[in-house]
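Listed here are the chains, written in short residue letters.
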Protein chains: 2
Amino acid sequence: MSIPTTDSNTTAPTQFLRVRNETYAYRRFGSGRGRPLVFLQHFVGTLDNWDPAVTDPIASEREVILFDNAGVGRSTGKVPTTVAGMASHGLDFLDGLGLDNCDVLGFSLGGMVAQQMAQDRPSIFRRMILVGTAPRGGQDIMHLEKPSLARHLGDPTLKGYEVLQKILFAPTSSSQAAGGAFIERLARRNEDLDTPSGADVAAAQIAAFREWEHAPGAGFGDLKGIHHPTLVVNGIHDEMIPVSNSYRMTENLPNAVLLVYPDAGHGSLFQFHESFTRQAAAFLASDSPFAPY
Amino acid sequence: MSIPTTDSNTTAPTQFLRVRNETYAYRRFGSGRGRPLVFLQHFVGTLDNWDPAVTDPIASEREVILFDNAGVGRSTGKVPTTVAGMASHGLDFLDGLGLDNCDVLGFSLGGMVAQQMAQDRPSIFRRMILVGTAPRGGQDIMHLEKPSLARHLGDPTLKGYEVLQKILFAPTSSSQAAGGAFIERLARRNEDLDTPSGADVAAAQIAAFREWEHAPGAGFGDLKGIHHPTLVVNGIHDEMIPVSNSYRMTENLPNAVLLVYPDAGHGSLFQFHESFTRQAAAFLASDSPFAPY
């Protein structure tokens, strides 16, 4: 059980778990009747990129476990160049914690890792939340060279988290305002910070995106074997992983509800954190074998 | 205020309202703090086609008003051959009731009528729920000649509501079982029944679908002017009005959340009535100018 005063990603201490040849950095806080929810992070994101406005309300009903995959933040090892490699580390980490069944929230790259883990070992997850992500064989996945993204990523005037405000949120005043509030919330954590990702992390993860994009075989057949109750979430104006990928996931996963937010980009869960955490709590509270909640 | 024993579409008496040259049939029941919710019905549907598993839980928090448009059920007049004509009757009816602002649930054809009413008089609605419907200029709207539909519509062995079980639900055992439960619920009403729609109603409404499908001008520009907080709902396997139409609505309406159900066809709201009424109640309970709830 956690100490109540640390039930926030603003203050929760980073912990380290040795499994096989790696040491994984993670944070674990919160309590309640719900099953633990493991959070799998986006491109170049670390433990410090999880919005406390999302993690903390969820932690009031269950443990949340934030995880740095191999080579990210303060986890040791090399960043795998495939989603399958990342999924293998994810399973090792949960094995190390002694968790043989939990819920998962996979965001962006983390959503791909969650899908792969669910295929590699279905019993590891009970319910899945997949936000701003894409199926294997999806389209237009994280092409940072696109003008809509490159102009922010190459803007030398953007400092620290400011680039996240630009690329995770839609180019409307309301979405950008939500993005400003988001990066203020991230900045509240000022001790025990993770190591920011460098160009090597980015390059390996981009390689994983390219491999994920080029699916062998036809269609989205892999998805038909993932029977977990799943909640697919996206922003309608996602430039990083377009919402059409969420459509394809929902059309091919046999047991997935789709929830799409207006006026939002890749970071819809942060922009509409009150709605998202309420929807996620209702979804996770269900014991039904069916996804609708 | 309604009498509690009639707070169900199984038992609520049909009422009649004279406005201008027409007399409209309707049912009004339920009570609570919420704004009244007007229900706009699907192709050839009457007051008797509203599932009490949907209407009744919603009626526990607000009045619900079920409405037969002109020429349908026991409403007088000719069925308009355009959605705009139906919207005009809808506005006349609400004027006759003295309601100048309410919430709306438009299902299928009713969702088109709701969109048109919102454009013609934006102040008439506060929040909108659009289920299994399409924007003006949408694709593959109610083509009953498609083999997937025609084989049921032309099947002489299907009696009464049985055809609804086939065409409103997906061809899976779970969805068909939900469809069987749905038509049992409809059949519980056995007095004060509406007049079933004949071929003349169907022909006029089909003409309205064809007119709606062929939008003048480009794209879905009309939708950008509908700023009402909107909840768009669909089943992922809708053969009557495919889910792509819900995608296009959500992409072009500035303030719409999309909720898509798995394993469901056109009648997703009836199949997942517990989830749908919970989601609808949460959406309608919100006073936010933004759709997310």
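Residues numbered from 1 in each chain as written. Chains lettered and ligands numbered in written order. Predicted model: local features only at pLDDT ≥ 70, side-chain atom pairs only at ≥ 80, totals over all residues. Heavy atoms only, no water.

Peer 1: Go over the overall build of chain A with me, naming the residues and quoting the values.
Peer 2: Assigned secondary structure in chain A consists of 10 helices and eight strands. In terms of overall size, chain A behaves like a compact globule, its C-alpha atoms giving a radius of gyration of 17 Å where 293 residues would be expected to give roughly 19 Å. C-alpha extents for chain A along the principal axes are approximately 45 × 45 × 40 Å. Side chains of chain A carry 24 positive and 31 negative charges; the gap between the two charge centres is 2 Å. (Helix = DSSP H or I, 4+ residues; strand = E, 2+ residues; numbered from the N terminus. Rg over C-alpha atoms; globule rule 2.2 N^0.38 Å. Lys, Arg positive; Asp, Glu negative; His and termini not counted. Charge placed at Lys NZ, Arg CZ, Asp CG, Glu CD.)

Peer 1: Could you give an account of the interface of chain B and chain A, with specific residues and numbers?
Peer 2: Taken together, the 22 residues of chain B in the interface contact 22 residues of chain A. With both chains or domains summed, chain B and chain A bury close to 1,800 Å², and 65% of this area falls on carbon and sulfur atoms. Our enumeration of links across chain B and chain A arrives at zero salt bridges. On the surface where chain B and chain A come into contact, there are nine residue pairs in polar contact (both at pLDDT 80 or more). Secondary structure elements with two or more residues in the side of chain B that touches chain A: α8 (244-252), β8 (256-261) and α10 (273-285) of chain B. A per-element tally of the side of chain B that touches chain A places β8(B) first, with six residues. Per-class residue counts for the side of chain B that touches chain A are 14 nonpolar, five polar and three charged. The sheet contact formed by strand β8 (residues 256-261) of chain A and β8(B) spans three bridges and is antiparallel. If you follow Leu259(A) over to β8(B), its bridge partner there is Leu259(B). (Contact = heavy atoms within 4.5 Å. Buried area = accessible area lost by both parts, 1.4 Å probe. Salt bridge = Lys/Arg side-chain N within 4 Å of Asp/Glu carboxyl O. Polar contact = N/O pair within 3.5 Å; in protein donor to acceptor, adjacent residues only side chain to side chain. Nonpolar A, V, L, I, M, F, W, Y, C, P; charged D, E, K, R; others polar. Pairing = 2+ DSSP bridges.)

Peer 1: Just give me the short version of helix α2 (residues 83-97) of chain A, but keep the residues and values in it.
Peer 2: All names here are of chain A. For α2, spanning 15 residues, the distance from its first C-alpha to its last is 21 Å, which sits close to the expected 21 Å at 1.5 Å a residue. Those residues of α2 lying buried are Val-83, Met-86, Ala-87, His-89, Gly-90, Leu-91, Asp-92, Phe-93, Leu-94 and Leu-97. Looking one or two residues beyond α2, the residue adopting positive phi is Gly-98, at roughly 80°. (Expected span 1.5 Å × (residues − 1). Buried < 20%, exposed > 50% of the residue type's maximum accessible area, 1.4 Å probe, protein only.)

Peer 1: Describe empty space enclosed by the protein, naming the residues involved and giving the relevant values.
Peer 2: On inspection of all chains with the given rule, the structure shows five cavities of 30 Å³ or more. Here the largest cavity defines a volume of roughly 140 Å³. At three residues, the largest contribution of residues to the lining of the largest cavity is made by helix α3 (residues 109-120) of chain B. In terms of residue class, the lining of the largest cavity is built from six nonpolar, six polar and one charged. Counted as a void, the second largest cavity has a volume near 120 Å³. For the second largest cavity, the lining is made up of 13 residues, of which Leu40(A), Gln41(A), Phe67(A), Asn69(A) and Leu109(A) are closest to its centre. Here the lining of the second largest cavity takes three residues from helix α3 (residues 109-120) of chain A, the largest share from any one element. (1 Å grid on protein atoms, 1.4 Å probe; cavity = no way out; pocket = protein on both sides within 12 Å on 5 of 7 lines; lining within 4 Å. Points joined across faces, edges and corners; volume = space filled by probe spheres on them.)

Peer 1: Describe the packing of aromatic side chains, with residues and values.
Peer 2: All names here are of chain A. A complete count under the given rule lists 25 aromatic pairs over all chains for this structure. With centroids separated by 4.5 Å and ring planes inclined at 15°, the aromatic side chains of Phe-182 and Phe-270 adopt a geometry described as stacked. One end of the pair, Phe-182, is in helix α6 (residues 173-187); the other, Phe-270, is in helix α9 (residues 268-271), and 88 residues separate them in sequence. By relative accessible area, which is 0% here, Phe-182 ends up buried. Classification of Phe-270 by relative accessible area gives buried; the value is 0%. An aromatic cluster of at least three residues, connected via ring pairs, comprises Phe-39, Trp-50, Phe-107, Phe-169, Phe-182 and Phe-270. When the ring centre of Phe-283 is taken as reference, the NZ or CZ atom of Arg-127 above it lies at 4.5 Å. (Phe/Tyr/Trp six-rings, centres within 6.5 Å; stacked < 30°, edge-to-face > 60°. Lys NZ or Arg CZ within 6 Å of the ring centre and 35° of its normal.)

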